Amino acid sequence: MDIGFIGLGNMGAHMARRLIEAGHRVIVYDTRQEAIGNLAAKGAVAARSPQEVADMAELVMASLPTPDIVLKVATGPEGVIEGKKVRRFVDLSTTGAVMAQRIFKTLAERAIVQIDAPVSGGVVGAEKGTVAVMASGPRADVEAVEPALRVIGKFFYIGEKPGAGQTMKLCNNVLSAAGMAATSESILMGVKAGLDPQVMLDVINASSGRSTATEQKFPQVVVPRKFNQGFTAGLMLKDVNLFLSEAKALGLSSSVIEAVAAIFKLTCDELGPDKDMTQIVQPLEQRAGVEIRAPEA
Ligand code: NAD
């Protein structure tokens, strides 16, 4: 099958490569030439615009950073909407339900069906094809793209309503963000009090406080000071803010998640939005006057 793929970053490069390896002809585009070159070397066909991708494939996927960029790529000039061949647009990015519904409506005017299918499971999950894929949209259209989505990860059908997959994804991501923020404060307190962070993590991972932060991010990324989780603080702040605005629109208040947003904002303000999301520990460490690292042998 011919599949277009737009956005070849931390996540998209792996997902597009998996589709090539599964035997699909994959037509790729990114604003970075280097990213296109890397995929072309693996057998992808290079395109010069989202429109050109959509001229060549009935199914076009995207993995792009922000809702505004997805809107432009999908519906702007030289966007997917202007493609001659495209029938289905699968958005793997995290854009929130409001944007998913807006793009769904605009593309529908040209008889293109948008399926929102955000993913969770990080760069390692994208590499191994183990991300959770949360698809929503008209059932028959989702079924038509399901085999390709199963190459990318574990497939879940969330519902007919456009944006339902996005809502699901935001509900998951705020838990991941909250786990990272709460673990930062917890481990930092223990370290300041003189505990060994590795011993703390061993105990927590045998106890009730464990999460992906204690099982993976802290032992593999924070304590060894690698800060290479592969998801930026800016993108996580975007997701947390999208959750807050959807919650507000439903008349809900979310005080815990507001506090989580503040910690990610602090990191974006002080270190920059392109820093790894695990670096939220650093502004906290600076204030505490200690660092979370293995004690010297
Ligand atoms: P990224 O910034 O690494 O990759 C985005 C890619 O899009 C880059 O290669 C960039 O050059 C390209 N791009 C930007 N503007 C473009 C445009 N106008 N046209 C074409 N290409 C353009 O981001 P990522 O970490 O791969 O995340 C992609 C999406 O997946 C985001 O919505 C993110 O929230 C979501 N996500 C990320 C992770 C993760 O762990 N990194 C996990 C789950 C979901």
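Preceding block: the structure.
What you see is a predicted model, and the numbers here were worked out from it, not measured in a lab.

**Q** Which residues make up the nonpolar core, and what values do they have?
**A** In a soluble, globular protein the nonpolar side chains are often hidden away together inside. In terms of nonpolar packing, the biggest core is built from 56 residues, with Phe5, Met61, Phe89, Leu92 and Leu149 touching the most fellow members. The element that contributes the greatest number of residues to this core is helix H7 (residues 139-152), accounting for six residues. Ala177, Val222, Ile257 and Ile280 belong to the second-largest nonpolar core, a separate cluster that totals 37 residues.

**Q** Lay out the site of the ligand with the relevant residues and their values.
**A** Taken together, 25 residues sit near the ligand, with Met11, Asp30, Arg32, Leu64 and Lys238 positioned nearest. A distance of 2.9 Å separates an oxygen atom of the ligand from a polar atom in the backbone of Asn10. Separating an oxygen atom of the ligand from a side-chain N or O atom of Asp30 is a distance of 2.6 Å. Here the ligand, which alone exposes 840 Å², has 88% of that area covered by the protein. The class makeup of the residues in the shell around the ligand is 12 nonpolar, nine polar and four charged. In terms of domain composition, the shell around the ligand takes at least three residues from each of domain 1 (2-161) and domain 2 (167-288).

**Q** Account for the packing of helix H8 (residues 164-192) against helix H12 (residues 255-270), naming residues and giving values.
**A** Two quantities define a packed helix pair, namely the angle between the axes and the distance from one axis to the other. It is at 10 Å that the axes of H8 and H12 come closest, and there the two elements cross at 70°. Taken as axis vectors, H8 and H12 run roughly perpendicular relative to one another. When you trace H8 past H12, the crossing you get is left-handed. Contacts between H8 and H12 involve Val174, Ala177, Ala178, Met180, Ala181 and Glu185 on the former and, on the latter, Ile257, Val260, Ile263 and Phe264. Per-class residue counts for the contact of H8 with H12 are nine nonpolar, no polar and one charged.

**Q** If you had to explain the side chain of Gln166 to someone new, which residues and values would you point to?
**A** Mapped onto the elements of the fold, Gln166 is located in helix H8. Under the relative-accessibility criterion, Gln166 is labelled buried at 0%. At 2.9 Å, the side chain of Gln166 and the backbone nitrogen of Thr95 are in polar contact. Aside from chain neighbours lying at most four places away, what touches Gln166 is Asp91, Ser93, Thr94, Thr95, Gly96, Ala97, Ala100, Asp116 and Pro118.

**Q** Before we move on, could you go through unusual backbone geometry and cite the residues and values that matter?
**A** Of note in this structure, Glu78 is not a glycine but carries a positive phi near 60°. Residues other than glycine seldom take positive phi values, yet Phe227 does so here, at roughly 50°. With respect to the element layout, Phe227 can be found in the loop between helix H10 (212-222) and helix H11 (233-249). With a relative accessible area of 13%, Phe227 lands in the buried category.

Scoring rules and cut-offs
Residues numbered from 1 in each chain as written. Predicted model: local features only at pLDDT ≥ 70, side-chain atom pairs only at ≥ 80, totals over all residues. Heavy atoms only, no water. Core = buried A, V, L, I, M, F, W, Y, C linked by side-chain atoms within 4.5 Å. Buried < 20%, exposed > 50% of the residue type's maximum accessible area, 1.4 Å probe, protein only. Helix = DSSP H or I, 4+ residues; strand = E, 2+ residues; numbered from the N terminus. Near = heavy atom within 4 Å. Polar contact = N/O pair within 3.5 Å; in protein donor to acceptor, adjacent residues only side chain to side chain. Areas by Shrake-Rupley, 256 points an atom, 1.4 Å probe, with all protein chains shown as cover. Nonpolar A, V, L, I, M, F, W, Y, C, P; charged D, E, K, R; others polar. Domains from an automatic or database assignment. Axes fitted to C-alpha atoms, helices over the stretch in contact; angles between N-to-C directions. Parallel < 35°, antiparallel > 145°, perpendicular 65-115°, else oblique. Left-handed = near helix turned anticlockwise from the far one by under 90°. Contact = heavy atoms within 4.5 Å.

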